[in-house]
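Summary of the model geometry
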Amino acid sequence: MLQIAFIRENQEKVLKALAKRNMDAKSIVELAVQLDEKRRATQAEMDNILSESNKLSKDIGELMKSGEKAKAELLKTKTTSLKEKSKELAEKLDEYTNELTEQLYLLPNLPADIVPEGKTPEDNVTVLQEGDIPDLHGEALPHWELVKKYDIIDFELGNKITGAGFPVYKGKGAKLQRALITYFLDKNTAAGYQEFQVPHFVNEASAYGTGQLPDKEGQMYHDATDDLYLIPTAEVPVTNLFRDVLLHENELPILATAYTPCFRREAGSYGAHVRGLNRLHQFDKVEIVRVEHPEKSYEALEGMVEHVRTILNELKLPYRILRLCGGDMGFASAMTYDFEVFSTAQDRWLEISSVSNFETFQSNRLKLRYKDKDGKNHLAHTLNGSSLALPRVLAGILENYQTPEGIVIPEVLRPYTGFDIIN
């Protein structure tokens, strides 16, 4: 959530930055500023009444001590009137505050200056491409055919017990999936990230805290009975570990990682591009989250990118890194790098990771602050990244490592799988 003080003092800058997201936010910004003016005026009036009430209370005490009870009673009548006025103002203040918050929730984060202009994924900037695209044999298959051939993932069985988008992993497919999860976690913890196991449901406050609500409400599975949401990513519960927390500056940075299943409705997703593992309603992902000092968050972002690169280089998958344009960035992000692996059998790039800096957008919602050496409180910066999302990594391995004899397991995974080929 953007800070209203910054919006109030930098309206033109805010509108120009949001225009990079192809958003005309003028009406929202103007209304937010108006509500903030009303809120501050109401707060000032309440403060004046409180000051006057305190003075009257002191005067009443002195009158009672001096035996002037009649005068004291007259002042008490005035204090009653002030209390009623204060109550009315408090209700107005709550109304203005709630309305202001609702408007601020509608505004996405401001893109960083380095974020390129653009409206669609075609406007993203490729910053690096690495790895050789293999020359597959003439009978190479897409992963949804390979999993049938080797009986390692069953989409029909998942459809029977749940519905489309909920695959069942079997045999070596299940073990390869588990191997990837463990390998990712081992890489992350070796890099200094503390591992967490977190709930797979979150409450409304948590979903608002990281920016999933209200922006992604239609994409989240919601249990209306208990008012809980299935997590779309481990970012939500892990980042909310630090909601309403005041850190000391020397506690920064905080590095966390977690494996969770992730749940997304993916409403409106259809067509050939969502076949097989390309897009699921339930999938596994290992996430990394950082809480950083504002002066070091972009250095940390580059470090997270290098960390994900290390993993993909060890897996020996062809990949590229994109700097997302303003029109393609997520709601809460100030800057995002996307990683895409090349699917040789599908002849296209598949997104496998997003690494983002949210600056103070999430921490303002979360009230996640740190105290500097002078005792002043500041909002921290939050970052997160996929390290990695499994379905498309698995699809990339199955397709790029296929041979006439079977699917060769990447060398780095063999200590985890216990086998070197699926045949």
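Residues numbered from 1 in each chain as written. Predicted model: local features only at pLDDT ≥ 70, side-chain atom pairs only at ≥ 80, totals over all residues. Heavy atoms only, no water.

Let's shift gears to the overall build of the protein. When helices and strands are tallied, the protein shows 13 helices and 19 strands. Overall, the protein is about 105 × 45 × 40 Å in size when its C-alpha atoms are taken along their principal axes. Each of the 423 residues in the protein was classed as buried or not, and the buried ones make up 50%. Considering only intrachain contacts with a sequence separation of at least 6, the fraction spanning at least 24 residues in the protein is 74%. (Helix = DSSP H or I, 4+ residues; strand = E, 2+ residues; numbered from the N terminus. Buried < 20%, exposed > 50% of the residue type's maximum accessible area, 1.4 Å probe, protein only. Contact = heavy atoms within 4.5 Å.)

That bond from L213 to P214 is cis: its omega, 0°, falls within 30 degrees of zero. Within the secondary structure layout, P214 lies in the loop between α8 (204–209) and β6 (222–223). The phi angle at D347 is positive, at roughly 55°, despite the residue not being glycine. Considering the arrangement of structural elements, one finds D347 in the loop between β12 (335–343) and β13 (348–359). One non-glycine residue, E359, adopts positive backbone phi at about 50°. Here E359 shows up in strand β13.

Running from N to C, helix α2 (residues 11–19) and helix α3 (residues 26–65) point in directions that differ by 150°, and their axes come no closer than 10 Å. Compared by their axis directions, α2 and α3 come out roughly antiparallel. You can see that α2 and α3 cross each other, and the crossing is right-handed. Facing α2, whose interface residues are Q11, V14 and L15, α3 presents K26, V29 and V33. (Axes fitted to C-alpha atoms, helices over the stretch in contact; angles between N-to-C directions. Parallel < 35°, antiparallel > 145°, perpendicular 65-115°, else oblique. Left-handed = near helix turned anticlockwise from the far one by under 90°.)

Spatial ordering of the open sheet is given by β1-β11-β12-β13-β16-β10-β9-β4, a layout of eight strands whose pairing is mixed. Edge positions in the sheet fall to β1 (125–130) and β4 (194–196), since each has one partner strand and no second. Taking each pair of neighbouring strands and ignoring which way they run, the sheet shows an average axis angle of 25°. When strand β9 (residues 254–263) meets strand β10 (residues 282–292), the two strands line up antiparallel, connected through ten bridges. Following the sheet pairing, T257 is matched in β10 by I288. Set on the sheet, helix α10 (residues 297–315) makes contact with β1, β10, β11 (319–323), β12, β13 and β16 (381–389); between it and β16 the angle comes to about 5°. Lying over the sheet, helix α12 (residues 390–400) contacts β10, β12, β13 and β16, oriented at roughly 35° with respect to β16. (Pairing = 2+ DSSP bridges.)

What follows covers the nonpolar core. Grouped together as the largest cluster of nonpolar side chains are 56 residues, with contacts concentrated most on L180, F184, L315, F339 and V393. Excluding residues that lie within four positions of it along the chain, V393 makes contacts with L180, F184, L315, L317, I352 and L388. The next biggest cluster of nonpolar side chains, apart from the first, holds 24 residues, and it includes V14, I28, V29 and F331. (Core = buried A, V, L, I, M, F, W, Y, C linked by side-chain atoms within 4.5 Å.)

Moving on, we get to the side chain of N384. Here N384 is to be found in strand β16. A polar side-chain atom of N384 sits 2.3 Å from a polar atom in the side chain of E287. In this view, N384 contacts E235, E287, I288, V289, M304, S354, V355, S356 and F358; residues no more than four positions away in its chain are not counted. (Polar contact = N/O pair within 3.5 Å; in protein donor to acceptor, adjacent residues only side chain to side chain.)

The next thing to look at is helix α4 (residues 69–105). Look at α4: 53 Å from first C-alpha to last across 37 residues, which is about the 54 Å you get at 1.5 Å a residue. Those residues of α4 that sit buried are A72, T79, L82, L89, L93, Y96, L100, Q103, L104 and Y105. The inward-facing, buried residues of α4 abut α1 (4–9), α3, α8 and α11 (361–366). (Expected span 1.5 Å × (residues − 1).)

Time to look at the packing of α3 against α4. Taken N-terminus to C-terminus, the directions of α3 and α4 make an angle of 160°; their axes are 8 Å apart at the nearest point. With respect to their mutual orientation, α3 and α4 come out roughly antiparallel. The interaxial crossing formed by α3 with α4 has left-handed handedness. Taken together, the residues that form the contact of α3 with α4 break down as 19 nonpolar, seven polar and 13 charged. (Nonpolar A, V, L, I, M, F, W, Y, C, P; charged D, E, K, R; others polar.)

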